Amino acid sequence: MAISPQTNAQTMIGPNNMKLQSDLMTPEVLWGMGRIGGASPSPDGKSIVYQVSYYSVEENKSHTMLFVQDANRKNKRQLTMDNKNESDAVWIGGGQRIAFLRDGEIWVMTADGKNRQQLSHTQGSIEGFAFSPDEKKVVYIKSIPYHGTIRQNPSDLPKATGLRITDMNYRHWDHYVETIAHPFVADVTANGINEGKDIMEGEPYESPVAPFGGIGQLAWSTDSKSIAYTSRKKEGTQYAISTDTDIYLYCLTTGKTTNLCKPEGYQEPKIDATKTMKGQQVNHQNGYMQVGYDVNPKFSPDGKYISWQSMEHDGYESDLNRLCIMEISTGKKHYLIHKDNFDSNVDEYVWANDSKSVYFLGCWHACINVYQATLEGKVMQLTDGWYDFGSIKTLGNTRNLLVSRHSMLQPDDLYLLTPSKTEKKSKLTQLTFENEQILNQLAMPTLQQRWVKTTDGKEELVWIVLPPHFDANKKYPTLLFCEGGPQSPVSQFWSYRWNFFIMAAHGYVVVAPNRRGLPGFGSEWNEEVSGDWTGQCMNDYLSAIDDAAANLPFVDKDRLGCVGASFGGFSVYYLAGHHNKRFKAFIAHDGAFNLESMYTDTEEVWFSNWEYEDAYWNKDLTERAKKTYENSPHKFVDKWDTPILVIHGEKDYRINANQGMGAFNAARLRGIPAEMLLFPDENHWVLKPQNGILWQRTFFEWLDKWLKK
């Protein structure tokens, strides 16, 4: 998958014309696909610059490249011509030039990729950037040393590897916390970018906020005089038990910072670190004071408003994501998008150019579509169909939108969306065809949708994915897919690991239910899983697979498997002790196995507090907390009777690897056929190409062994 660049003798990972040996998807084909990332339209809306990442299994790495093309789908041109990674491109100079990241530095080039100039000189430490509207300044993200929870070792012991830990939050997701991100603002001159000023200098807090962060958590005011940024200004144990992230406004002239989410003089309430946050919210609430996640600020084009995504409750990562708007001149706030006009999450959003409405992405009935909300709070759905839209931007100064879209059967491409004044009648035009050459060689699975009756008399939406070359007269081994989160939708997602296309291509029918505890079906449905991990949501899983086994004649009820990751992995471990011999094979990836251990293993204790409601050692446990711990999967290993494959990453600090090791060891001690795939260098995901191939091969070898006999 290497090509020779036009201006460099070295080889690089880039576009390819893969000739397939079969019309069925394989792990190698999946990893051979280009992955479209960030895209930016020119100010006049006539051109688009975007990035694509390509992966080499042989070299075990990726290469991110830039491309530009006209918005009318013509004149696609490759801008990256060597083996350096280039990304995060934006238009500056009225659309005459493109600024971008190149191996951790800000560069600029003309729109044809020529006249390249390095602007910043930070030893490759820039992680994201945004130019001010007047382009006289730039804010960029850079990590700085941090020793708030891990003490700095003596300078005369440079080879010492010990970590002297003084508080919680000493590691987060996949790394030890010895640095934190800060925003720096710098002048832009004719000779480049001057040394930046840390706008949070001396503060032991991060911005943007880990683990997902990104420049989208910061925004310039339209007059270029202020920067809004996202931060959770807490350390140690207080950081570990809270999701209380706020929006701050930094004035470049005065150097003053204002918290937009809390009144001046606000005092943090005293919180019991080992108790559920649910009962500790009352004293927080006061009008529009936000105490949950508040992220991703954006200024309206006319400069009158600032908006951000906002959750209500501290400690609840899957709370309803609303859209808060503040009138800058008065400081008055209100929720433009909320439970009463859209009872699901605002996943991403952008202001309309006239500042009279916002466009946003939201999930409803397991599809993520584009919506528009006026400033009066009227919400209209603009797109429809079995798809997920993944990003949204205004197309320069036009009334059109630049969006990305994918589905279970097709990875991301870019589209031009022309909003309609009529519900679901917007015009959509495909702009990129990144993997068309590969997809045209593949036999496609078939996607179906079913509504299944649950044990409590409700209906759940279930996706059914049928193998390519499907024969209705045959019986197929069938997989129940258990979703993670626990509150992530089983929407039309495209994954390079949990990929339904490749599962179907290996001859499996996939049953993917939107069980209790998933967004897109109203807040009540979404919230039913918290504090009740082994209740109705588990019944919903079994309702879905029982319906398929009883009513779909092509499902072989004697060859059923059950697979899942994260909360889905927990679900697999629990169902292994409660499936009544339905399944013939299990696969659990990064799942929680022992909830008492999990409570103190995880670094984000707010998650345990909210989901379990209490620390297991407290004497006055709530009834729901008692039920949670009593139903931990490790207490039902005596009922395990089915082969199980355990997969885990040792750099997964959200769900530690000892959870997977404990499950595997328990299975072997019980004499149950079991294997474990352990990745010392992977986190909650599998990101390296060769590990990804190994994951897929192991996954299907295990299923084939027990379900294709």
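Every residue gets a number counted from 1 within its own chain, in the order that chain's sequence is written. Since the coordinates come from a predicted model, pLDDT governs what is reported: local features require at least 70, and pairs of side-chain atoms require 80 or more to be given and counted, while whole-chain, interface and lining totals use all residues. Only hydrogens and water are set aside when side-chain values are computed; all heavy atoms of the structure are taken into account.

A.B. asks: Just checking my understanding: could you explain the overall build of the protein for this structure?
C.D. replies: Looking only at helices and strands, one finds twelve helices and 43 strands in the protein. It is over C-alpha atoms that the radius of gyration is taken, and the globule rule equals 2.2 Å times the number of residues to the power 0.38. The C-alpha radius of gyration of the protein comes to 25 Å, within 12% of the 27 Å expected for a compact globule of 709 residues. The principal-axis extents of the C-alpha atoms in the protein amount to approximately 70 × 65 × 60 Å. Expressed as a percentage of contacts within the protein between residues at least 6 apart in sequence, the contacts between residues at least 24 apart total 59%. Shrake-Rupley sampling with a 1.4 Å probe provides the accessible areas, and residues are treated as covered by the protein chains on show and by no other component. Surface accessibility of the protein: about 28600 Å² in total, with carbon and sulfur atoms responsible for 48%. Helical segments are the DSSP runs of H or I of at least four residues, strand segments are the runs of E of at least two, and each set is numbered from the N terminus. Residue contacts are defined here by distance: any two heavy atoms, one from each residue, within 4.5 Å place the two residues in contact.

A.B. asks: Help me understand the pairing of strand 5 (residues 61-70), please; the structure alone is not making it clear to me.
C.D. replies: Residues in a regular strand point their side chains to alternate faces of the sheet. Note on classification: 1.4 Å probe, protein chains only; a residue is buried when its accessible area is under 20% of the maximum for its type, exposed when over 50%, partly exposed between these limits. Most of strand 5 is tucked away, with eight of its ten residues classed as buried. We call two strands paired when DSSP finds no fewer than two bridges between them. Pairing analysis gives ten bridges linking strand 4 (residues 47-56) to strand 5, with the strands arranged antiparallel. Residue Ser-53 lies in a different strand from strand 5, and its bridge partner there is Thr-64. If you look at the hairpin formed by strand 4 and strand 5, you'll find four residues sitting between the two strands, and Asn-60 has a positive phi there, around 60 degrees. Alignment of strand 5 against strand 6 (residues 77-78), held across two bridges, turns out to be antiparallel.

A.B. asks: Would you take a moment to explain unusual backbone geometry for this structure?
C.D. replies: Residues Ala-210 and Pro-211 are joined by a peptide bond in cis, for which omega reads 5 degrees. The topology assignment puts Pro-211 in the loop between strand 19 (197-198) and strand 20 (218-220). Residue Gly-485 is joined to Pro-486 through a cis peptide bond whose omega torsion reads 15 degrees. Its identity is not glycine, yet Ser-355 carries a phi of approximately 65 degrees, on the positive side. Exposure remark for Ser-355: the relative accessible area of 3% places this residue in the buried category. Here Asp-590, not a glycine, exhibits a phi torsion of approximately 50 degrees, which is positive.

A.B. asks: Would you explain the confidence of the model for the protein in this entry?
C.D. replies: Parts of the model with low pLDDT should not have their predicted coordinates read in detail. Values of pLDDT, ranging from 0 to 100, describe the predictor's confidence in every residue of the model. For the protein, per-residue confidence averages 94 on the pLDDT scale, and 96% of positions sit at 70 or higher. Residue range residues 1-10 is modelled with pLDDT below 50. Its contacts to residues more than four positions away, or to other chains, number 23 contacts. Note on residues 282-286: pLDDT is under 50 here. Beyond four places in sequence and across chains, it has eight contacts.

A.B. asks: Looking at this model, I keep getting lost on the sheet that holds strand 21 (residues 226-231). Mind explaining?
C.D. replies: In a beta sheet, neighbouring strands are held together by backbone hydrogen bonds and run either parallel or antiparallel to one another. Taken together, four strands build an open sheet; the order of strands is 20-21-22-23 and the sheet is antiparallel. Of all the strands in the sheet, just strand 20 and strand 23 (257-259) have a single pairing partner and so form its edges. Neighbour to neighbour, the strand axes of the sheet diverge by 20 degrees on average, direction disregarded. Pairing analysis gives three bridges linking strand 20 to strand 21, with the strands arranged antiparallel. Each bridged residue has a counterpart across the sheet, and for Leu-218 the counterpart in strand 21 is Tyr-229. Lines fitted to C-alpha atoms define the axes, with helix axes restricted to the stretch in contact, and inter-axis angles between N-to-C directions lie between 0 and 180 degrees.

A.B. asks: Explain the packing of aromatic side chains to me, please; I cannot follow it from the model alone.
C.D. replies: Centre distance and the angle of the planes are the two values used to describe a pair of aromatic rings. Only the six-membered ring of Trp is used, alongside the rings of Phe and Tyr, when aromatic pairs are assigned; centres must lie within 6.5 Å, and planes under 30 degrees apart are stacked while those over 60 apart are edge-to-face, with the rest tilted. Taken as a whole and assessed by the stated rule, the structure comprises 47 aromatic pairs. For the ring pair Tyr-599 and Trp-617, a centre distance of 5.5 Å and an interplane angle of 90 degrees mean the geometry is edge-to-face. Remark: Trp-617 occurs in the loop between helix 9 (605-612) and helix 10 (623-630) and Tyr-599 occurs in helix 8 (residues 595-601); sequence separation between them is 18 residues. With relative accessibility at 3%, the residue Tyr-599 sits in the buried group. An aromatic cluster is present here, built from Tyr-293, Trp-533, Phe-567, Phe-570, Tyr-599, Trp-606, Phe-607, Tyr-612, Tyr-616, Trp-617 and Tyr-629 joined pairwise through their rings. Each ring is checked for a lysine NZ or an arginine CZ that lies within 6 Å of its centre and within 35 degrees of its normal; such an atom marks a charge sitting over the ring. One cation-aromatic arrangement involves Lys-298 over Tyr-349; the distance from NZ or CZ to the ring centre is 5.3 Å. The ring of Tyr-335 is capped by Arg-322, whose NZ or CZ atom sits 3.9 Å from the centre of that ring.

A.B. asks: Before we go on, may I ask you to explain helix 7 (residues 567-575) in this structure?
C.D. replies: Owing to its 3.6 residues per turn, the α-helix brings residues three or four apart onto one side. The element helix 7 is largely enclosed, with a buried count of nine among its nine residues. Buried residues of helix 7: Phe-567, Gly-568, Gly-569, Phe-570, Ser-571, Val-572, Tyr-573, Tyr-574 and Leu-575, and no others.

A.B. asks: Help me understand the pattern of salt bridges in this model?
C.D. replies: Should the charged atoms of two oppositely charged side chains come close, the side chains can pair. Within this document, salt bridges are pairs made up of a side-chain nitrogen of Lys or Arg and a carboxyl oxygen of Asp or Glu, the two lying within 4 Å of each other. Enumeration according to the criterion identifies 29 salt bridges in this entry. Of the charged contacts in the structure, one is a salt bridge between Asp-641 and Lys-581, with a shortest N-O distance of 3.0 Å. With a gap of 60 residues between them, Asp-641 in the loop between helix 10 and strand 42 (644-649) and Lys-581 in the loop between helix 7 and strand 41 (585-589) connect regions that are remote in the sequence. The class of Asp-641 is partly exposed, set by a relative accessible area of 38%. The residue Glu-623 makes a salt bridge to Lys-626 at a minimum N-O spacing of 3.5 Å.

A.B. asks: I'm lost on the side chain of Thr-383 in this one. Help?
C.D. replies: Inspection of the secondary structure assignment puts Thr-383 in the loop between strand 31 (379-381) and strand 32 (388-394). Residue Thr-383 is classed as buried on the basis of its relative accessible area of 6%. A distance of 2.7 Å separates a polar atom in the side chain of Thr-383 from a polar atom in the side chain of Asn-369. For Thr-383, the side chain forms a polar contact with the main-chain nitrogen of Val-370, separated by 3.0 Å. Beyond its immediate sequence surroundings of up to four residues, Thr-383 is in contact with Asn-369, Val-370, Phe-389, Leu-417 and Lys-424. Whenever two N or O atoms come within 3.5 Å, that pair is a polar contact, provided that in protein one can donate a hydrogen and the other can accept it, and provided that, for residues adjacent in sequence, both atoms are side-chain atoms.

A.B. asks: Sorry if this is basic, but what is going on with the nonpolar core here?
C.D. replies: Soluble globular proteins tend to pack their nonpolar side chains together in the buried interior. Remark: nonpolar core denotes a set of buried residues (Ala, Val, Leu, Ile, Met, Phe, Trp, Tyr, Cys) joined through side-chain atoms within 4.5 Å. Formed by 63 residues in total, the largest nonpolar core has its most connected members in Leu-480, Leu-575, Trp-640 and Ile-644. At seven residues, helix 6 (residues 536-551) tops the list of elements feeding residues into this core. Among residues more than four places away in sequence, those in contact with Leu-575 are Leu-480, Cys-482, Met-538, Tyr-541, Leu-542, Cys-562 and Phe-586. Formed by 52 residues, the second largest nonpolar core is a distinct cluster that contains Cys-367, Leu-461, Tyr-508 and Leu-645.

A.B. asks: It is not clear to me how a nonpolar patch on the surface should be interpreted in this structure. Could you clarify?
C.D. replies: Distance thresholds for patches are 9 Å for like charges and 5 Å for nonpolar side chains (Val, Leu, Ile, Met, Phe, Trp, Tyr), applied to residues having over 30% relative accessible area and no salt bridge. Residues Leu-163, Ile-165, Tyr-170 and Tyr-176 make up a contiguous nonpolar surface patch of roughly 320 Å² in combined accessible area. Within the secondary structure layout, Tyr-170 lies in the loop between strand 14 (164-165) and strand 15 (171-172).

A.B. asks: Teacher, can you tell me more about the layout of surface pockets here?
C.D. replies: Any empty space left between the atoms is revealed when a probe the size of a water molecule rolls over them. Taken as a whole, the second largest pocket holds about 490 Å³ of empty space. Considering the residues around the second largest pocket, the lining is formed by 32 residues, among which His-175, Glu-206, Val-209, Ala-210 and Pro-211 are closest to the centre. Looking at the lining of the second largest pocket, the elements that each hand over two or more residues are strand 12 (137-145), strand 17 (179-189) and helix 2 (236-240). A per-element tally of the lining of the second largest pocket places strand 17 first, with three residues. Every definition here rests on a 1 Å grid over the protein atoms only: cavities are sets of points where a 1.4 Å probe fits but cannot get out, pockets are open sets enclosed by protein on both sides within 12 Å along at least five of seven lines, and lining residues have some atom within 4 Å of a point. Grid points are joined across faces, edges and corners, and a volume is the space filled by probe spheres set on the points.

A.B. asks: Can you help me understand the sheet that holds strand 6 in this one?
C.D. replies: The strand order 3-4-5-6 describes an open sheet built from four strands, whose pairing is antiparallel. The two strands at the open ends of the sheet, each matched to only one other strand, are strand 3 (35-41) and strand 6.

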